Amino acid sequence: MTKNEIADRLNEIGVLLELKGENPFKIRAYQSGARALEAMEEDELARLIAAEELDSVKGIGAALAQKITELHTTGKLEFLEKLRASIEPGLVELLDIPGMGPKKVRALHDKLGVTDIAGLTKACEENRVAELDGFGAKSQEKILAGIKHREAYGKRHLWWEANEVAQPILAGLRGLPQVERAEAAGSLRRGMETIGDLDFLVAAAEHAPVVEWFVTQPGVHEVTAQGETKASVRFTGGLQADLRIVPADQFVFALHHFTGSKDHNVAMRQRALARGLSLSEWGLVPAEGEGTAKEKAENKALRTPAETEADLFKALGLHFIPPELRENLGDIEAAEQGALPELVRLSDLRGAFHNHTNASDGRNTLVEMTAAADELGWEFLGIADHSKSSFQANGLSEERLAAQVAAIQKYNAARKFRTHVFTGVECDILSDGRLDYADDVLASLDYVVVSVHNAMTQDEATMTKRIIRAIEHPHVTMLGHLTGRLLLRREAYAVNAAKVIEAAIANRVIIELNASPWRLDMDWRLWSKAADKGLMCAINPDAHETDGLRHVAAGVNSARKGWLTKESVLNCRDLAGVRRWFAERK
Ligand code: DGT
Ligand code: CA
Ligand code: CA
Ligand code: ZN
């Protein structure tokens, strides 16, 4: 464990002891121990531990030295684990509410029996907090506001929604006369499925007009910080954004730093150090010599020049690493060996398969959906409406499905659109793994997507068996949304992904990467290994309206994060190639 991580743990112990009402001297010992660690170099800590001299440091006694040593060497501390377990988790969460310290939480617990946020809300609403010593009506009001705030603003945000906020800001920044370069960095640039906050980075010679423009944007609900080269705002809807302005010659280094991820940055910094260099948001400079990294970076003679991120990577002996791969999951090793894949791009997609019309629960007609696909330049569009058991989604009876197939064939024959429409269905996987239509019905379609829409609380073994049974069905082409998760809304159902992936490969069944911004399911973390073993992917927007087709862009983000190339994405084949895949599968 690093010294800062250890310091975090010591501070945590202080807080937890305070929650328990422990002796203030004891509490202060942990806090000053944390401060002593923060003031220390990493190497110095290692040396003191090795020499068993840690307790000679001011602020660190023998008992604390023992705990720090345990954390440093094992990454764990039994004392802390026991302490954590002895406290109701809801109490710790109360500390997140603005204005709540450990002392107040303890008073609320001891006097009102409050153990979590729900309990505190209730106590406030019943006016019991106002009557408590040391609180009062004002403080009760503030606590309630803080709880509401936390609900509205404390959350992460879908990539899609964050991107819709970010793009106009980015375009606006780029349009300002003072701005030379501007990028949205952070998790947004890395294509993460959810976003904590936006990170805008700007190269500009003049700062004030840029900061002023940023904090007065129409969507800005609150300015939370404003300085000469920095500002932070909160948009209506709760999303927060940081703006940083840097000199043009530092832009590339700042962009790399604020793109992250943190783990990638740490590994890059270590790589630089191994070459006698120090990498930071300010620049790449020699590690040795007088001055801080920042001071050195301001000296042109010391700084490695970089016009682009590719220059930065090259200076460390690496090929350019696309932002989506910067998670320190083998990206740096592959970049060193020149073994990074050519990642799939949005422009590689020639269509998509899992889409709905108003025949089931979609909001546009077959013709509207096809026209929209045509407008996107797609060669093909797959229509896969719900099957009959999904009655809540107006699933299609055999007759209605047959009528839809006939209509599609008519449009295709008449060449009404440039886009060829494939006939498919999103067939329910019944609770025992059987499918929702008879074999002859399934055989009449170009392809079959199978998905779980009910009995989602089955245990993992049952669910896994159920899905694998469906995958083994000879008429099945692809599996829809593997886990059923809805990001920030609903947890995945229990399923053994590794076993399902194995079965899909064995049966030459595709697993979709459902590109709906709420799903992004199967998760990007599983794709790289699965594709290596031979799993085929389809990036499916699961569109329920014409606008939903654009969601494939979110799917491409996740596909790229999963190291996918166009070879393992069916959407990237041409019409003939897709036809061949469907025919061979039958
Ligand atoms: P988010 O906002 O939670 O979705 O995730 P990020 O990755 O956008 O994280 P954020 O906004 O806290 O910081 C942006 C980037 O800045 C992050 O990806 C890497 C860099 N960064 C921030 N804090 C640290 C740090 O403590 N150490 C290092 N090495 N990099 C950091
Ligand atoms: Ca961020
Ligand atoms: Ca940030
Ligand atoms: Zn579905």
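The structure we're discussing is the one just above.
This section reports on the structure supplied with the text. Only a predicted model underlies this, so the values are computations on that prediction, with no experimental measurement involved. (Residues numbered from 1 in each chain as written. Chains lettered and ligands numbered in written order. Predicted model: local features only at pLDDT ≥ 70, side-chain atom pairs only at ≥ 80, totals over all residues. Heavy atoms only, no water.)

Some details on the overall build of the protein chain
On a plain count of helices and strands, the protein chain comes out with 25 helices and 16 strands. Its C-alpha atoms give the protein chain principal-axis dimensions of about 85 × 65 × 50 Å. The buried share among the 586 residues of the protein chain stands at 51%. Expressed as a percentage of contacts within the protein chain between residues at least 6 apart in sequence, the contacts between residues at least 24 apart total 66%. Carbon and sulfur atoms make up 50% of the accessible area of the protein chain, which amounts to about 27,200 Å² in all. Charge-centre separation for the protein chain: the mean point of 72 positive side chains lies 1 Å from the mean point of 86 negative side chains. (Helix = DSSP H or I, 4+ residues; strand = E, 2+ residues; numbered from the N terminus. Buried < 20%, exposed > 50% of the residue type's maximum accessible area, 1.4 Å probe, protein only. Contact = heavy atoms within 4.5 Å. Areas by Shrake-Rupley, 256 points an atom, 1.4 Å probe, with all protein chains shown as cover. Lys, Arg positive; Asp, Glu negative; His and termini not counted. Charge placed at Lys NZ, Arg CZ, Asp CG, Glu CD.)

Description of the coordination of the zinc ion (ligand 4)
Within the protein, Glu426 (OE), His453 (NE2) and His481 (NE2) serve as the donor atoms for the zinc ion (ligand 4), at 2.0 to 2.3 Å. All donors of the zinc ion (ligand 4) belong to a single chain; written as a sequence motif, their spacing is E-x26-H-x27-H. In this pair, His453 sits in the loop between β13 (449-451) and α21 (460-471) while His481 sits in the loop between β14 (478-479) and α22 (497-506), placing the two residues 28 residues apart along the sequence. As far as burial versus exposure is concerned, His453 and His481 are alike and both buried. (Donors = N, O, S within 2.8 Å, 3.2 Å for Na, K, Ca; no water.)

Section: the nonpolar core
One finds Leu173, Leu198, Phe200, Phe214 and Ile539 to be the most contacted residues of the largest nonpolar core, which totals 97 residues. With 7 residues, helix α10 (residues 159-175) is the largest single contributor of residues to this core. Setting aside residues up to four positions removed in sequence, Phe214 forms contacts with Ile169, Phe200, Val220, Ala231, Val233, Ala241, Asp242 and Leu243. Of all hydrophobic cores here, the second largest spans 45 residues; its members include Leu54, Val57, Leu71 and Val114. (Core = buried A, V, L, I, M, F, W, Y, C linked by side-chain atoms within 4.5 Å.)

Thoughts on the pairing of strand β7 (residues 240-246)
With respect to burial, β7 is a largely interior element, 6 of its 7 residues being buried. Judged from the 7 bridges that link them, strand β4 (residues 197-204) and β7 form a sheet pairing that is parallel. Paired with Asp199 across the two strands is Asp242, which belongs to β7. Across 5 bridges, strand β6 (residues 230-235) lies against β7 in antiparallel orientation. Bridged to Arg234 within β7 is Gln240. Two successive antiparallel strands, β6 and β7, enclose a turn made up of 4 residues, where Gly237 displays a positive phi of approximately 100 degrees. (Pairing = 2+ DSSP bridges.)

Digging into the side chain of Asn557
Take Asn557: it is sitting in helix α24 (residues 552-561). Residue contacts for Asn557: discarding those within four places in its chain leaves Trp159, Gly191 and Glu324.

Thoughts on the packing of aromatic side chains
The way to describe two aromatic rings as a pair is by their centre distance and the angle between their planes. A full pass over the atoms with the stated rule returns 10 aromatic pairs. With a centroid separation of 5.4 Å and 15 degrees between ring planes, the pair formed by Phe353 and Phe380 is classed as stacked. Residue Phe353 is found in the loop between β10 (351-352) and α18 (366-375), and its partner Phe380 is found in strand β11 (residues 380-386); the two are separated by 27 residues along the sequence. Take Phe353: its relative accessible area is 0%, and that puts it in the buried class. Three or more aromatic residues joined by ring pairs form one cluster here, namely Phe353, Phe380, Phe422, Tyr447 and Phe582. Over the ring of Phe79 we find Lys67, and its NZ or CZ is 4.5 Å from the ring centre. Here Arg508 stacks its cationic end above the ring of Trp581, 4.1 Å away from the centre of that ring. (Phe/Tyr/Trp six-rings, centres within 6.5 Å; stacked < 30°, edge-to-face > 60°. Lys NZ or Arg CZ within 6 Å of the ring centre and 35° of its normal.)

Focus on unusual backbone geometry
Trans is the prevailing form of peptide bonds, just as negative phi is the prevailing case for residues other than glycine. With omega at -5 degrees, the peptide bond leading from Gly260 into Ser261 counts as cis. Following Asp521, the chain continues into Met522 via a peptide bond in cis, with omega recorded as 20 degrees. Structurally, Met522 is set in the loop between β15 (510-514) and α23 (527-532). Not every positive phi belongs to a glycine, and Asn127 is a case in point at roughly 65 degrees. One can find Asn127 in the loop between α8 (117-125) and α9 (136-153). Judged by relative accessible area, which is 37%, Asn127 ranks as partly exposed.

Here's the deal with the packing of α10 against helix α12 (residues 208-215)
Where α10 meets α12, the closest approach of the two axes is 11 Å, and the angle between their N-to-C directions is 155 degrees. Accordingly, the angle class assigned to the pair α10 and α12 is roughly antiparallel. Here α10 runs over α12; the crossing is right-handed. Residue-level inspection shows Ile169, Gly172 and Leu173 of α10 in contact with α12, the latter providing Val210, Trp213 and Phe214. Here the residues of the contact of α10 with α12 sort into 5 nonpolar, 1 polar and no charged. (Axes fitted to C-alpha atoms, helices over the stretch in contact; angles between N-to-C directions. Parallel < 35°, antiparallel > 145°, perpendicular 65-115°, else oblique. Left-handed = near helix turned anticlockwise from the far one by under 90°. Nonpolar A, V, L, I, M, F, W, Y, C, P; charged D, E, K, R; others polar.)

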